[in-house]
Number of protein chains: 2
Amino acid sequence: MKYRRSGRLVDMTNYFLAHPHHQIPLTYFSEKYESAKSSISEDIGIIKEVFESKNIGTIETAAGATGGVTYIPTVDRLQTEEQVDSLCERLEDPNRLLPGGYLYMMDVIGDPSLIQGLGRIFASSFRNSEVDAVMTMATKGIPLAYAVASHLNVPVSIVRHEHRITEGSIVSINYVSGSKKRIQTMSLARRSLKPYSNVLIIDDFMKAGGTIRGMMDLVSEFQSTVAGVGVLTEAVHEEEKLVSDYVSLTRLSQVDERERTIKVERGNLFQGKYYFES
Amino acid sequence: MKYRRSGRLVDMTNYFLAHPHHQIPLTYFSEKYESAKSSISEDIGIIKEVFESKNIGTIETAAGATGGVTYIPTVDRLQTEEQVDSLCERLEDPNRLLPGGYLYMMDVIGDPSLIQGLGRIFASSFRNSEVDAVMTMATKGIPLAYAVASHLNVPVSIVRHEHRITEGSIVSINYVSGSKKRIQTMSLARRSLKPYSNVLIIDDFMKAGGTIRGMMDLVSEFQSTVAGVGVLTEAVHEEEKLVSDYVSLTRLSQVDERERTIKVERGNLFQGKYYFES
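The structure displayed is predicted, hence computed values, not measured ones.

What follows concerns the interface of chain A and chain B. Tallying the contact residues gives 44 residues for chain A and 44 residues for chain B. For the side of chain A that touches chain B, the elements supplying multiple residues, two or more each, are helix H1 (5-18), helix H3 (37-53), helix H6 (112-125), helix H7 (142-152) and strand S4 (156-159) of chain A. Looking at the side of chain A that touches chain B element by element, the count peaks at nine residues for H1 of chain A. Among the residues making up the side of chain A that touches chain B, the classes are represented as 22 nonpolar, 15 polar and seven charged.

As a further point, take the relation of the copies chain A and chain B. Overlay of chain A on chain B (RMSD 0.0 Å): rotation 180°, translation along the axis 0.0 Å. Taken together, the rotation and translation describe the operation of a two-fold axis.

Glancing now at helix H6 (residues 112-125) of chain B. Residues and elements named next belong to chain B. Over its 14 residues, H6 extends 20 Å from the first C-alpha to the last, a length consistent with the 20 Å expected when each residue adds 1.5 Å. Along H6, 11 of the 14 residues are buried, which leaves the element largely enclosed by surrounding structure. Considered for burial, the residues of H6 that qualify are Pro112, Leu114, Ile115, Leu118, Gly119, Arg120, Ile121, Phe122, Ala123, Ser124 and Ser125.

Next up on the list: the environment of serine 177 of chain B. Residue and element names in this part refer to chain B. On the secondary structure map, serine 177 appears in strand S7 (residues 170-177). Overall, serine 177 belongs to the partly exposed group, with 17 C-beta atoms counted inside 10 Å. Considered as a pair, serine 177 and glycine 141 are 36 residues apart in the sequence and their alpha carbons are 16 Å apart. Ignoring any residue separated from it by four or fewer positions in sequence, one finds serine 177 in contact with Arg182, Gln184, Gly210 and Thr211.

Attention now goes to the domain arrangement of chain A. When the parts of a complex come together, some accessible area is lost, and that lost area is often taken as the interface size. Residues and elements named next belong to chain A. Entries for chain A in the domain assignment read domain 1 (5-73) and domain 2 (77-270). The centre of domain 1, based on its C-alpha atoms, is set 33 Å off from the matching centre of domain 2. Within the side of domain 1 that touches domain 2, the residues separate by chemical class into three nonpolar, three polar and no charged.

Reading guide: rules and limits
Residues numbered from 1 in each chain as written. Chains lettered and ligands numbered in written order. Predicted model: local features only at pLDDT ≥ 70, side-chain atom pairs only at ≥ 80, totals over all residues. Contact = placed C-beta atoms within 7 Å. Helix = DSSP H or I, 4+ residues; strand = E, 2+ residues; numbered from the N terminus. Nonpolar A, V, L, I, M, F, W, Y, C, P; charged D, E, K, R; others polar. Least-squares fit on C-alpha atoms with pLDDT ≥ 70 in both. Expected span 1.5 Å × (residues − 1). Buried ≥ 20, exposed ≤ 12 C-beta atoms within 10 Å, placed from the backbone. Domains from an automatic or database assignment.

Following this line, the structure appears as structure tokens:
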């Protein structure tokens, strides 16, 4: 269907947003809109400018016969700080305190638009890591893992504690839960992760890191590599963590059950590594 | 920041897509872009036209002091048929067959962009049902439930079989699994669903309907009502189903383990009720 520039801009914006990390040949658009490639290039220039100035992402152009344009979701440092700071404040609400010093987090995890935003942050941080798949642990890691995966355009592998008959042959490993020092089992369906994948591990919470460490071992069982590790919240842990290289959005630094206070600060995303460089 | 029309169209399109079922006052845009309301209205007219002709959704306008514009994701019958038919074909792959006549579904459930598309279909079908929350059962219903909820702009409540200490006080009910005739328990955190909510129940699979029936009972325990029930796949079941009013996208009509054949057809979404009327 033939469109004027204004119509093309709306439709192309929608198409880019629905297809992140997906290389699109210019001919796709020029045929779709019956427009010259030069007009399409101008349209893309306008979209790229708005995407970059409005912190939506960027559009990369690859030249040549196999070339095309790719929308990459990005979030800059300032916007990330705003989102993380507002999350920290929300997590410090003393009504979250549960017996044993646990925090109620389901309202955060159950909020799709918040989780989409946090998923964008991880997708932006790991945008150059050539991620092939996202792995997470059932149940509470799943929403964030999907939010990350949908912005990276990769599939999700869900690891479970129990073994289900509806998953076919599975790969199981034992691991030691770091904080409880208990031996547990985790498993993943054999066909749920392609061998030789580069896997981004995402979870909602990390204390000693035993579960994450287990997922890293599971990745090896699939002849695959770990592209990175991202957690929504890490808790301070007296002993050395079992995982050294990870990215956290927030850090639970103190829980006082008697005084009913919770202290949550920015995670290590803002330190050291260059997650905000392009 | 002041923008020309082309820039506004790109940014507003992104904003609408990120905020479905969310009423936005015109002043929000006119202040954001330092533009006259009349120009903003024209912009919205262009976006609405493209959204409708391209099957992205529609933009509804409410007049008056409390008025504004709302983006409603919709999918028409033709596009729904195409998506569902392609899913049926994918599900008929005999390699899915597992011992006991079960089907491997994790590749479908683990594909975020496919699940987003299926979630849009349910969000479109139930767009006028005044849904306040989406409820699902851990683990495999979660991805689809989030996809639906994010297009309806509502929170998700995750029901579980086990009881976790990190959820605070919970509400548990017993229910009879319809196909296995076994008494089981399901529970939901007390604060994970507001009383007097209108709840859309979403799950990946329904056979006799025992799990769905249990979730419906759980909804009542929260003084809430059931807005509707949506399942990705229903299986033919010899006896009467425990749930009469539900919407299925696909229907597993036959599994022959010996011949290694699977027959999957369109679900009841296309029958009777007017899920495609606006």
